[in-house]
Amino acid sequence: KGARTISKVEGANLGKVKAVYINGSGITANLDRVEKDGLSAQISFDISADAYSGPYEVRLLSPTGLSNPSYIWTGNVPELNEVEPNDTVAKAMKISSLPVCINGRMDAAEDVDWYEFSVAPGATTVIDIVTNRIYSPMDAVLDLRDAAGHIVAEASEGYDRDPHIVFTSKLGGIYRLQVRDTLYRGGKNFLYRLSIGSGPYVPIYVPSTLLPGKNGNDQVKLPEGTQSANKVEFDPNRTLNIIRYSG
């Protein structure tokens, strides 16, 4: 947030694209250039400091109409891009500090990505991956191991089919995380957003629905050891199920 991000859009029949549209407020999208082969374009996004965290729908406009929707996701923690090679434990991408959000991709079939990070003794860490929520075809699996290589936790399909891990480290130290597709598939569109930090993460909230135009008080259960939120705010102007935290 409060920064400019430049993105490359890949597709087909992009040669005559003239404009880019984005839903919601807090982000301005600019079409910088379209490559002559019509297979890609560059878009810059100016993100305000008060933009909400979550997905924004992006479409390109050409004389033949609007494109299918694609999505970008904004967050409120530092962002990193996956650095290859990181397909073995020995080549795991080292994360120097938490919290962090990593933008990665399963580049080809049988690709796996490894990440290494450290946590303090007694710390509770939340690992959450976003694939289905950004319409990526990747069906993610998470495999967390300690410094000795012992499996600490594994996860597949969770909230909106995106798995997560919540674990408390008694002794602290180095941990390594493997990310892969459940069927070891890969490709240019097998994208993911991997968040690692101390929360908050909401596994349960009651009631699960609210009526338009009505105020409601929800009971929110947070995993023990994660950061708590003083206020849970539902945005009435959004059709997506986005929750903003403040406090």
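Before reading on, note that the structure itself is shown above.
Residues numbered from 1 in each chain as written. Predicted model: local features only at pLDDT ≥ 70, side-chain atom pairs only at ≥ 80, totals over all residues. Heavy atoms only, no water.

A. A look at the environment of Arg180. Inspection of the secondary structure puts Arg180 in strand E16 (residues 173-181). For Arg180, a relative accessible area of 17% corresponds to the buried category. Counting along the chain gives 42 residues from Arg180 to Met138, while the straight-line C-alpha distance between them is 8.3 Å. (Helix = DSSP H or I, 4+ residues; strand = E, 2+ residues; numbered from the N terminus. Buried < 20%, exposed > 50% of the residue type's maximum accessible area, 1.4 Å probe, protein only.)

B. Structural context of the sheet that holds strand E8 (residues 79-81). With mixed pairing, the five strands of this open sheet are ordered in space as E8-E10-E17-E12-E15. The sheet is open, and its two borders are formed by E8 and strand E15 (164-168), each paired with just one other strand. Strand-to-strand twist in this sheet, taken as the mean axis angle between neighbours without regard to direction, amounts to 15 degrees. As paired elements, strand E12 (residues 124-130) and E15 share five bridges and run antiparallel to each other. Each residue of the ladder has a partner; that of Asp128, found in E15, is His164. (Pairing = 2+ DSSP bridges. Axes fitted to C-alpha atoms, helices over the stretch in contact; angles between N-to-C directions.)

C. Inspection of the pattern of salt bridges at higher detail. For the structure shown, the criterion picks out 13 salt bridges. The salt bridge partner of Arg176 is Glu116, with a shortest N-O separation of 2.9 Å. Taken together, the residues Arg176 in strand E16 and Glu116 in strand E11 (residues 113-119) connect sequence positions 60 residues apart. In this structure Arg176 comes out as buried when scored by relative accessible area, which is 19%. Residue classification places Glu116 among the buried positions, given a relative accessible area of 13%. Ionic pairing is found between Arg133 and Asp128, a salt bridge with its closest N-O pair at 3.2 Å. The buried category is assigned to Arg133, whose relative accessible area is 16%. Counted as one network, the salt bridges with shared partners bring together Asp128, Arg133 and Asp162. (Salt bridge = Lys/Arg side-chain N within 4 Å of Asp/Glu carboxyl O.)

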